[in-house]
Amino acid sequence: MTTLATDAADGQDFIVFDGECVLCSGFFRFMVARDKAQQFKFATAQSPLGQRLYNELGLPARDFETNLVVTDGVVHQRLDAFAAAMHKLPGIWRALSICKYLPSIIKDPLYYAIARNRYAIFGRSPTCMVPDKALRARFLPEGF
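Since we're looking at a predicted model, the values are computed, not measured.

Participant: It is not clear to me how the pattern of salt bridges should be interpreted in this structure. Could you clarify?
Facilitator: Side chains that differ in charge, positive against negative, can pair when their charged atoms come close. Scanning all chains against the criterion turns up seven salt bridges. For arginine 52, the salt bridge identified is with glutamate 142, shortest N-O distance 3.0 Å. Highlighted residues: arginine 52 in helix α3 (residues 48-56) and glutamate 142 in the segment after α6 (133-136), separated in sequence by 90 residues. On the accessibility criterion, arginine 52 (30% relative accessible area) is partly exposed. On the basis of relative accessibility, which here comes to 46%, the residue glutamate 142 falls in the partly exposed class. In this structure, aspartate 108 and arginine 78 form a salt bridge, with 3.9 Å as the shortest nitrogen-oxygen distance. Here aspartate 108, found in helix α5 (residues 104-122), pairs with arginine 78, found in helix α4 (residues 78-88); they are 30 residues apart in sequence, far enough to count as distant. Residue classification places aspartate 108 among the partly exposed residues on the basis of a relative accessible area of 23%. Residue arginine 78 is classed as partly exposed on the basis of its relative accessible area, which comes to 24%.

Calculation notes
Residues numbered from 1 in each chain as written. Predicted model: local features only at pLDDT ≥ 70, side-chain atom pairs only at ≥ 80, totals over all residues. Heavy atoms only, no water. Salt bridge = Lys/Arg side-chain N within 4 Å of Asp/Glu carboxyl O. Helix = DSSP H or I, 4+ residues; strand = E, 2+ residues; numbered from the N terminus. Buried < 20%, exposed > 50% of the residue type's maximum accessible area, 1.4 Å probe, protein only.

This is the structure we're talking about:
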């Protein structure tokens, strides 16, 4: 699905994550540490770009129910987003992309159970993280 927001990435793979969610920010840090080729750019869900993309997809733009992973121009949500991100990583991490083949009857309730309770389990930061200059270069324009 091509959208105004995905066009803003100019063909670059990117991840939109909830910058206030400790679990989501942990996924962001995990990806930064393992994406040595810097295939992914990033945006917070709270950013102007993140807000446009959530709105265009008809997703809640305040209580974020999913990170978004855009690879090869395709927007992935929920567990499929995680699988798409893992597929782009080198080495053993790619094996985790197999979770996209789980039946929806299993993966959707599992994903939603974690998503609904992520703040209670992992916590919530009162503000979005502030990346240093080097990490900020990995964010898309209007992505922070």
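And the narrative resumes.
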